[in-house]
Amino acid sequence: MNSNVFICSQLLIHFLIFIFFRQISPECAEELWPLHLAINYRFAIGSSIFFLLPLLRPNFLQKKKMESEDDMHDANDAESLDDFYSGETAADSDDLDAADYEFIDNDSDDSDDLTSHRYQQNYTILTEADIRQRQEDDITRISTVLSIPRVSASILLRHYYWSVSKVHDEWFADEEKVRKAVGLLEKPVVQFPNARELTCGICFENYPRDRISSAACGHPFCGTCWAGYTSTAITDGPGCLMLRCPDPTCGAAVGQDMINLLASDEDKEKYSRYFLRSYIEDNRKTKWCPAPGCDYAVDFIVGSGSYDVSCRCSYSFCWNCTEEAHRPVDCGTVAKWILKNSAESENMNWLNTISQILANSKPCPKCKRPIEKNQGCMHITCTPPCKFEFCWLCLGAWSDHGERTGGFYACNRYETAKQEGVYDEAEKRRDMAKNSLERYTHYYERWATNQSSRQKALADLQQMQTVNIEKLSDKQCQPESQLKFITEAWLQIVECRRVLKWTYAYGYYLPEHEHAKRQFFEYLQGEAESGLERLHQCAEKELQTYLDADGPSKDFNEFRTKLAGLTSVTRNYFENLVRALENGLSDVDSRGACSRTASSKSLGGGSSKARGGRGKGTSSRSSSSSRNLDDSGHWSCEHCTFANVRSATICQICQQRR
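Residues numbered from 1 in each chain as written. Predicted model: local features only at pLDDT ≥ 70, side-chain atom pairs only at ≥ 80, totals over all residues. Heavy atoms only, no water.

**Q** With reference to specific residues and values, describe the nonpolar core.
**A** Counting 54 residues, the largest nonpolar core has Trp337, Ile486, Trp490, Leu563, Phe574 and Leu585 as its most contacted members. Secondary-structure elements contributing two or more residues to this core are α13 (331-344), α16 (424-476), α17 (484-508), α18 (515-547) and α19 (556-582). With 15 residues, the top contributor of residues to this core is α17. Ignoring anything within four residues of it in the chain, the contact list for leucine 563 reads Phe485, Ile486, Ala489, Leu535, Cys538 and Ala539. Core analysis: the second largest hydrophobic core is formed by 49 residues, Ile148, Leu157, Ile234 and Val254 among them. (Core = buried A, V, L, I, M, F, W, Y, C linked by side-chain atoms within 4.5 Å. Buried < 20%, exposed > 50% of the residue type's maximum accessible area, 1.4 Å probe, protein only. Helix = DSSP H or I, 4+ residues; strand = E, 2+ residues; numbered from the N terminus. Contact = heavy atoms within 4.5 Å.)

Have a look at this one:
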C-alpha cells in the first residue's frame, strides 16, 4: 500500500514538473515528453529508463554538442559549395577552424540562414515602437514592485539611468535617501486646506484655487507662470526631464503629468521626444545608430565578443567608439588615424606640394630665408635685398666655385664633405621629412582608394539587386534564386574593401623596427588584396558580358563556378588576415621570421588539421601532384586551395601552376 502511494506521489510530482516546463517553454516540454514518459514508466514498473533514451529527438540530444563545435555545418547547399571550392569534402568539414569574422551582410535573409550557426548575434536592433514598449515595461515593473505611481517610477528610472536593478538596490537600501535625492515627496511641504484664493509664487498675483497648480510639494503657481517655466525648460533641451519645483528652496520633482497638464502641444511633443530618447542615451547598454537620418537604436551585450554592429539601415559601426566598423583595427588606432587625417591632411591636394617644398628647399646661408629649387643648375641667387649667390649643394659662396669644382651641375666639395660626414645631419633631417610625408601619403592614398572603391561597390550592389539580377535572369533563362551567388560575391567585395581599407591604417602604425612582423603583414595583405582584385574584376567585368549577351550563354555555369570559387577563396584570405591582425601577428616567431605553421595557416584558409582529412598536424603538402588529387579527381591548389579539374595545369583562380 505504502509503495503504491509512493509511486503515485512520484508520478504526480513529475507530471507537475512537466506542466511547469510547458508553461515556460512549449518547445522544451515537447522535447522532454519522452523523458517524462520514461521516468513515469520507471516508477511504475521499477526498471531502468535508459533503454528509452533513443526516443528523444536527435536534435535535442545533439544540441549541446553542436553548440560546442567551431563550425556548425548542416549540409547546406551554400556551405557545401564553399567546402568544395576550398578543396574539402563533407567528410572533413568538421575539421575547419572557427570563422572568427563573417563577411556577410546582416540585412540579407539568406545571409542570416548561412551564418546562424557560426555566431550568436550579440545585439538587437530596436525601432521606436520597441523602445517605447521597453520603456513602458520598465516603468510598470518599478511601479508594481515599489507600489508607487507610474510618474514617480519614471522619475526614479530617469535618475538612475534606466537601470531597474539599480533602482531596486538603492530603494530597498534607503528609501528616504532616494526620495530626497530624486525629489519624490511623500507629503506636501505647504498646505492651504481652506483657502479660496492663493498667491502665485512667481507673479505674486492672487488667483482662485482652481487656477493654481502645484507639484507634490504644494507650492502654488498660476497656470501662466507654470506654462512659461516649463516652456523655457523644454526649449533649453533634455535637462527638462529633471525639472524641479520653481520655488528656489524646493527640490520636488516635476513629472510628465504636470507637463501634460500645463504645457502647450508643441512642448508636450518635445518633452515626449526627450523622454523617449533618454531611454537610449542614458542607458549604458543602448546607443543610437550613428548613421545620418537613422532612427534605429542598438541594444548591445557588452563583453560578448566583436564590437561590430550592422544596423537595419545597412550602416555598420563599432559599438565601442561609434566610428565606422573597423575590425580588425582597434579603436585607439582608428582614433589616431582619423585625428592625423584631419590634422595633417585637411586638403590632401597639397600633400605633394608640401613634400616637394620640404624635400627641395634649403635656407639661404646668409639671410636664412627658405629657398625652393625646382629646376636648373646649382648656382642659386637669393632674392633682393640679400642677392647672395651660393652653391645649392654645399651652400658655399658661388665665388669659390667654377669649373674646378664640377661646374654648374655638380659640386666636388659637396661630395667630399658628404663622405666626411659634414652634411649628413642636415641631409638626414630633410630625408626624414620627405620620407615621413611620402610614407603617410602612401598609406592614406590606398586607404582613401579602398574607401571610394567600397562606395562604388555598394552602388553596384544596389544596382545588381534592383535591376541587373532580373535582367540576367531573363537573358540566361535562370531563376533569380539561382543567381544569389552574384549578390553574395558583391556583399563579399563590399566587406573586404572595408577590411582592406583599415589594414592600411594598421600598417601605418606598425613599428618600423619589427621587420619580421611587417613582412608577414605585407604578405598577408598582398595575398588578400590580390584575391579581392580577382574577385572584383570577375564580378564587375566578366559578369557584364553575360548582361550584354543576346541570349543564354553556354559557359554561364562555368562562370558561376568561377565566381563562387573566387568568393570562397577571398573569404578565406580575409578571414586569415583579420585573425592574424587581431592576434597581433603573433604567428611571427621570436627569431624574427614567420614560422612555418603560421605561413601554412595563412595560405588561403589552412587549419591546424590537414585539409581533406589527410592526417593531423601542420606539415606541408606533398609536391607530388598525385597526392593532391581527391576522390573526385580534382587537385587542390597549394596557393589558394581551389579544387581544379584533373586536366588543368594552371589554377583557375590564382593562375598558379600545378
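**Q** So what's going on with the side chain of arginine 158? Residues and values would help.
**A** Mapped onto the elements of the fold, arginine 158 is located in helix α7 (residues 150-159). What arginine 158 contacts, discounting residues up to four positions off in sequence, is Pro238, Leu241, Met242, Ser278 and Asp282.

**Q** So what's going on with the confidence of the model for the chain? Which residues, and what values?
**A** In this model, the chain carries an average pLDDT of 74, and 66% of its residues clear a pLDDT of 70 or more. Counting contacts from residues 41-119, a segment whose pLDDT is below 50, to residues more than four positions away or on other chains yields 121 contacts. In this model residues 590-627 is a low-confidence stretch, pLDDT under 50, and it forms 66 contacts with partners more than four residues away in sequence or in other chains. (pLDDT = per-residue confidence, 0-100.)

**Q** Go over empty space enclosed by the protein, please, and point to the residues and values.
**A** For the structure shown, the criterion picks out 5 cavities of 30 Å³ or more. Within this model, the second largest cavity holds a volume of roughly 80 Å³. Contributing to the lining of the second largest cavity are Val151, Ser154, Ile155, Arg158, Leu241, Met242, Val254, Gly255, Gln256, Tyr271 and Phe275. Sorting the residues of the lining of the second largest cavity by element identifies α7 and α12 (265-281) as the ones contributing at least two each. Classifying every residue of the lining of the second largest cavity by side-chain character gives 7 nonpolar, 3 polar and 1 charged. (1 Å grid on protein atoms, 1.4 Å probe; cavity = no way out; pocket = protein on both sides within 12 Å on 5 of 7 lines; lining within 4 Å. Points joined across faces, edges and corners; volume = space filled by probe spheres on them. Nonpolar A, V, L, I, M, F, W, Y, C, P; charged D, E, K, R; others polar.)

**Q** Describe unusual backbone geometry, and please don't skip the residues or the numbers.
**A** Of note, the bond from arginine 327 into proline 328 is cis; its omega dihedral lies within 30 degrees of zero at 20°. If you trace the backbone, proline 328 turns up in the loop between β9 (316-318) and α13. For the peptide bond that leads from proline 384 to proline 385, omega is 5°, which places it in the cis range. Of note, serine 314 is a non-glycine position whose phi angle comes to about 80°, a positive value.

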